[in-house]
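Coordinate analysis (summary)
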Amino acid sequence: QVQLVESGGGLVQPGGSLRLSCAASGNIFNIYTMGWYRQAPGKQRDMVATITSAGTTVYADSVQGRFTISRDNAKNTVYLQMNSLTPEDTAVYYCKARITTHQSMVAYDYWGQGTQVTVAS
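Attention in this report is confined to the structure presented alongside it. All figures in this text were calculated on a predicted structure; none of them were measured in a lab.

If you walk across this open sheet you meet the 4 strands as 1-3-8-7, and the pairing is antiparallel. Strands at the two margins of the open sheet, each flanked by one partner only, are strand 1 (2-7) and strand 7 (67-72). Taken over all neighbouring pairs, the strand axes of this sheet differ in orientation by 15° on average, direction set aside. The pairing of strand 1 with strand 3 (residues 18-26) spans 6 bridges and is antiparallel. In the strand pairing of strand 3, Glu6 is matched with Cys22.

Have a look at this one:
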């Protein structure tokens, strides 16, 4: 009933940029915090950046100053602008959103399917 679909991943050279998008759809009543997480091979999934419905942002230290999270509440979409990419940014990037639906006022976390970002020359 709720889907999150990411797009924008790919292969980029070190120092390059990518912009990820994640659109939520379905029987949505309200979307609270949205965020981006990433998981490199053999590692745990870590928070990259989050943004509340009011626009308050939090970033991981490793991406502070290089990545920018934003959202368009009218489109139920969250973005991640990634600049000055390094090979250490290589991972599968997932979006997450805390959502209530018209069927339930209990908020649940929903995840996207992930999009691969590879930084290599």
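There's plenty left to go through after this.
Across the two faces of strand 11 (residues 115-119) the burial differs, with Thr115, Val117 and Val119 buried and Gln116 and Thr118 not buried at all. With 3 bridges connecting them, strand 2 (residues 10-12) and strand 11 associate as parallel partners. Within strand 11, the residue paired with Leu11 across the bridge is Thr118. Across 3 bridges, strand 9 (residues 91-101) lies against strand 11 in antiparallel orientation. When the bridges of strand 11 are listed, Val92 appears paired with Gln116.

Calculation criteria
Residues numbered from 1 in each chain as written. Predicted model: local features only at pLDDT ≥ 70, side-chain atom pairs only at ≥ 80, totals over all residues. Heavy atoms only, no water. Pairing = 2+ DSSP bridges. Helix = DSSP H or I, 4+ residues; strand = E, 2+ residues; numbered from the N terminus. Axes fitted to C-alpha atoms, helices over the stretch in contact; angles between N-to-C directions. Buried < 20%, exposed > 50% of the residue type's maximum accessible area, 1.4 Å probe, protein only.

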